[in-house]
Amino acid sequence: MRALRVRHLAQPREALELVREEPVPTPAEGQLVVRVRACPVNFPDVLMCAGEYQVRPEPPFTPGVELCGEVVETAAGVDGLSPGDRVIGAGAVPHGGFAEYALMDAARTFHAPPELSDAEAASLFIGYQTGWFGLHRRAGLRPGETLLVHAASGGVGSAAVQLGKAAGATVVGVVGGADKARVARELGADVVVDRHTEDFVGVVKDLTSGAGADVVYDPVGGEAYERSTKCVAFEGRILVIGFASGRIPTPGLNHALIKNYSIVGLHWGLYNERDPRAVREAHRDLCRMAQEGKISPLVSERVTLDELTEAAQRVADGHTVGRVVYTNE
Ligand SMILES: NC(=O)c1ccc[n+]([C@@H]2O[C@H](COP(=O)([O-])OP(=O)(O)OC[C@H]3O[C@@H](n4cnc5c(N)ncnc54)[C@H](OP(=O)(O)O)[C@@H]3O)[C@@H](O)[C@H]2O)c1
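The chain is annotated in an unreviewed UniProt entry as Alcohol dehydrogenase from Actinopolyspora mortivallis.

Thoughts on the domain arrangement of the chain
As far as domains go, the chain holds domain 1 (3-123 + 297-327) and domain 2 (127-269). Taken over C-alpha atoms, the centre of domain 1 sits 28 Å from the centre of domain 2. Counting residues at the interface gives 11 residues for domain 1, matched by 13 residues for domain 2. In this assembly, domain 1 packs against domain 2 so that about 870 Å² is buried in total across both faces, 54% of it on carbon and sulfur atoms. Per-residue buried area on domain 1 facing domain 2 is highest for L298, V321 and R323; these three make up 38% of the total on that side. Where domain 1 meets domain 2, there are zero salt bridges.

Comments concerning the UniProt feature "domain: Enoyl reductase (ER)" (unreviewed entry) in the chain
When the UniProt feature table is mapped onto this chain numbering, "domain: Enoyl reductase (ER)" (unreviewed entry) sits at residues 11-326. With 33% helix and 26% strand, residues 11-326 has its two end C-alpha atoms placed 18 Å apart.

Some details on the environment of I88
Counting through the fold element by element, I88 comes out in strand β5 (residues 86-91). Remark: the alpha-carbon pair of I88 and V36, spanning 52 residues in sequence, is separated by 9.9 Å. Leave out the neighbours within four places in its chain, and I88 touches L67, C68, M104, R108, T109, F110, A112, P113, A121, A122 and H283.

Focus: the site of the ligand
In the vicinity of the ligand there are 28 residues, among which F43, V156, K180, L266 and W268 approach most closely. In this structure, I241 approaches the ligand through a main-chain N or O atom, which is 2.8 Å from a nitrogen atom. In the model, an oxygen atom of the ligand is placed 3.4 Å from a nitrogen or oxygen of the F243 main chain. In the complex, 89% of the free accessible area of the ligand, which totals 930 Å², lies under the protein chains. Counting only elements with at least two residues in the shell around the ligand, the list comes to α2 (43-49), α4 (126-138) and α5 (155-166).

Brief notes about the pairing of strand β6 (residues 101-111)
In the case of a regular strand, side chains alternate between the two sheet surfaces. Sheet analysis places strand β3 (residues 31-40) next to β6, joined by five bridges and oriented antiparallel. When the sheet's bridge partners are listed, L32 is paired in β6 with M104. In this sheet, β6 lies alongside β5 in antiparallel orientation, the contact comprising four bridges. Residue pairing for β6: G91 is matched across the bridge by M104.

Some thoughts on the pattern of salt bridges
Counting across every chain of the model gives 23 salt bridges. Among the ionic pairs, E273 bridges to R108, the shortest N-O distance being 3.8 Å. Linking E273 in helix α10 (residues 269-274) with R108 in strand β6, this pair joins segments that are 165 residues apart in sequence. Judged by relative accessible area, E273 falls into the exposed class, the value being 54%. Close ionic contact of E145 with R237 constitutes a salt bridge, the shortest N to O distance being 2.8 Å. With E145 in the loop between α4 and β7 (146-150) and R237 in strand β11 (residues 232-240), this pair connects stretches of sequence that are 92 residues apart. You can call E145 buried: its relative accessible area is 7%. Assessed through its relative accessible area of 10%, R237 is described here as buried.

Considering α4
For α4, the buried fraction is high: 10 of the 13 residues fall into the buried class. Within the span of α4, buried status applies to I126, G127, Y128, Q129, T130, G131, W132, F133, G134 and L135. Immediately beyond the C-terminal end of α4, within one or two residues, lies G140, with a positive phi of roughly 55 degrees.

Observations regarding the sheet that holds β7
In spatial order, the strands read β9-β8-β7-β10-β11-β12; together these six strands make up an open sheet with parallel pairing. Unpaired on one side and paired on the other, β9 (191-194) and β12 (262-265) mark the two borders of the sheet. When the angles between neighbouring strand axes are averaged without regard to direction, this sheet yields 20 degrees. Bridging between strand β10 (residues 213-218) and β11 involves five bridges; their strand directions are parallel.

Parameters at a glance
Residues numbered from 1 in each chain as written. Predicted model: local features only at pLDDT ≥ 70, side-chain atom pairs only at ≥ 80, totals over all residues. Heavy atoms only, no water. Domains from an automatic or database assignment. Contact = heavy atoms within 4.5 Å. Buried area = accessible area lost by both parts, 1.4 Å probe. Salt bridge = Lys/Arg side-chain N within 4 Å of Asp/Glu carboxyl O. UniProt positions renumbered as here; feature names shortened; annotations may be inferred. Helix = DSSP H or I, 4+ residues; strand = E, 2+ residues; numbered from the N terminus. Near = heavy atom within 4 Å. Polar contact = N/O pair within 3.5 Å; in protein donor to acceptor, adjacent residues only side chain to side chain. Areas by Shrake-Rupley, 256 points an atom, 1.4 Å probe, with all protein chains shown as cover. Pairing = 2+ DSSP bridges. Buried < 20%, exposed > 50% of the residue type's maximum accessible area, 1.4 Å probe, protein only. Axes fitted to C-alpha atoms, helices over the stretch in contact; angles between N-to-C directions.

Now the structure itself:
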């Protein structure tokens, strides 16, 4: 089979190599082999290429942390999934979805919602699960509250905008550039701030008559986090989702005390180990919302395996919106 493999740790353009005669991987107990139908590029894939993600596989390995696939073979210990099933879930790196065939762990594999295309179904997993756990379980977002989303046209950001609207929040989206601003508006954000030309702190304060944002969804870190503390509401919750800016903030905890806000961490992947039942519940809820048209994954580009390295580099450089998806549709 053909696959992209990381030969040495670097940015995607230097790290990824197209291998043409790779053996189809063999599943261990509890795993399945799938023919990859679609695999989005996630920021964790590009971090993994550079050895900067919390999971650090040894090269050579194939990234691709979420995918939609057709089951080809199941090993012992896999219940409820059969060859031919169309599934979504986590790619089991080192044999992830940047390939013609991939491995998945049965515990992180779900039937794909039939309403969605392969690329959309693949994109319903990490970004939406993270949004669902962040907004509902960790931050307890309530209808009528104000939600501030950074990188609002990006992968996890676009999901958070849609889930925030579905939950009855007023959503302020922060993006980098006019094209991304248009996308964030189309996703349903009530107010959109282009961080290149406008300060979101003033916009949030004006919108809320000085009260501030009740929930901040922050996949960016650095200045986005630091400025958010200037416009978070009394009893607000700042969700620490990621550090796409490359800078991990070091907040002064006295500020959280003085203003009565919470800094709430989220590592969604841990729920697969600690509370897999909740992940299944979230999947059911997300499928229902997709069926009712309340959420709809934004697939901005479909690329081939040959084009995937350049696409991953564009994600690393922060130049993409929604999900860029390698697809065999
Ligand atoms: N906590 C969890 O469980 C969890 C789960 C999934 C993902 N994540 C994290 O969420 C973050 C976003 O992931 P994603 O796949 O959805 O990526 P993404 O949002 O599609 O891409 C990152 C976005 O961050 C913004 N950004 C700001 N400064 C940047 C910089 N210096 N370089 C690159 N981008 C920059 C850009 O949007 P603007 O230009 O619009 O600002 C860019 O489009 C990542 O840090 C990822 O690790 C966390």
